[in-house]
Amino acid sequence: MMPSLDLFWATFALGCVFGVAARAGNFCLLRGLRQTLAHPEPSDWGEEQAPQGAAALQAFALALAVALVGTQVLAMLGEISLSQVLVVRPRFSPLGALTGGLMFGVGMALAHSCGARALVLLAGGNLRSLWVLLWLGLTAQATMTGVLAPLRQTLQGLLVIEPQGATMPGWLAALGVPESVATVAVTALIVLLLLVYALRRPALRHAPLQWVGALLVGATVVAGWWISAHIDVDPFEERPLTSLSFISPVAESWLYLQVAVGRELAAAVALVLGVLAGACVTALVSGTARWEGFGGPRRMASSALGGILMGLGGVVAMGCSIGQGLSGLSTLSLASVPAAFGIVLGALCVLQWGRRY
């Protein structure tokens, strides 16, 4: 069984664009966080002084700005309904989302990549990433429907709240601010801050592949929402809207490899295949493809633990560094804030600990 060919190929193309942009532009939140810790005072960098990777966090900010503007414009034009978005939840546990985000961030730092980055690296011959993805997918599936499901339900049920409005503008609207005004004001303020951070230092401005890659990554988030809302839609059944995220798709891809008979080839699998294809072609064309493996059992164990924590934490937080850090935040979902904060905090803690020890 397959989804409609239109949905399959649209999602595959979306993955291809992301794979090309992420590989060519070295797009990686973890890389940016690591560089920020290593060089906390970059204000005096010029074009030649900026260390390699210095623009990675700026590129992530630029991608988020693009994703946020595009997503909110789609919503205001009526092209998508944010009430149908999976991560926009009227009831959620901030503590559970934070805990899941922390686990994902710690795992990301231990594994030296997130799920999306692992796919991009695997496409260029990095076999360490295959090991990470194996544990990530196995643990994610166990957390969604297997032996770890009770743990997920417990964490997601901690101190559940039901705020007046599932998004930041919705919350302000409940306080009496017109929702359209709140949406424009919140979006403009956040985008302004992101652009100031992304562009005020020269590192990103002098790295064309990185800023072009960031623009494309942000645009793929927007395109993902549109595809989810408009292609292969059943008029009699409302389905949750999704965009780029890599926890469930990786888990679904591993599951499909094992039990394909009688199982639908979901669009999530097409996304994974697209990322692998786009990143592989980019690696071959750029001459960066090469086989890489583990240097020792310690790194292998660290990567396995990282994959396990990302699989568990990503499901509990309902998203990864892309699924919540870009797609989720682009909707201004309140539930995405503690999840994204936890991802960054967890990664920073491990990176800082690694620098000291």
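Residues numbered from 1 in each chain as written. Predicted model: local features only at pLDDT ≥ 70, side-chain atom pairs only at ≥ 80, totals over all residues. Heavy atoms only, no water.

Bringing the side chain of Thr183 into the picture now. Its location among the elements puts Thr183 in helix H9 (residues 179-199). Assessed through its relative accessible area of 8%, Thr183 is described here as buried. (Helix = DSSP H or I, 4+ residues; strand = E, 2+ residues; numbered from the N terminus. Buried < 20%, exposed > 50% of the residue type's maximum accessible area, 1.4 Å probe, protein only.)

A separate point is the environment of Ser228. By secondary structure assignment, the location of Ser228 is in helix H11 (residues 208-230). Residue classification places Ser228 among the buried residues on the basis of a relative accessible area of 8%. The spatial distance from the C-alpha of Ser228 to the C-alpha of Ser336 is 19 Å, given a sequence separation of 108 residues.

Before going further, it helps to spend a moment on the environment of Phe60. Structurally, Phe60 is set in helix H3 (residues 56-76). We classify Phe60 as buried; its relative accessible area is 8%. With 151 residues separating them in the primary sequence, Phe60 and Trp211 have C-alpha atoms 9.1 Å apart. Once residues within four sequence positions are removed from consideration, Phe60 is found in contact with Phe27, Leu29, Ser321, Ile322, Gly325 and Leu326. (Contact = heavy atoms within 4.5 Å.)

This part is about the packing of aromatic side chains. Applying the stated criterion to the full structure yields 5 aromatic pairs. Measuring from ring centre to ring centre gives 5.5 Å for Trp9 and Phe12, while their planes differ by 85 degrees; the resulting arrangement is edge-to-face. Taken together, the positions of Trp9 and Phe12, both in helix H1 (residues 5-24) and 3 residues apart, correspond to about one turn of that helix. Classification of Trp9 by relative accessible area gives partly exposed; the value is 49%. Given a relative accessible area of 22%, Phe12 falls into the partly exposed group. Between Trp131 and Trp135, the ring centres sit 5.8 Å apart and the planes meet at 80 degrees, which makes this aromatic pair edge-to-face. Of this pair, Trp131 and Trp135 are both found in helix H6 (residues 127-145), 4 residues apart, which corresponds to roughly one turn of the helix. Overall, the relative accessible area of 24% leaves Trp131 in the partly exposed class. Judged by its relative accessible area of 27%, Trp135 falls in the partly exposed class. Feature note: the residues Phe8, Trp9 and Phe12 constitute an aromatic cluster, connected by ring pairs. (Phe/Tyr/Trp six-rings, centres within 6.5 Å; stacked < 30°, edge-to-face > 60°.)

That's the geometry; what it means functionally is another story.
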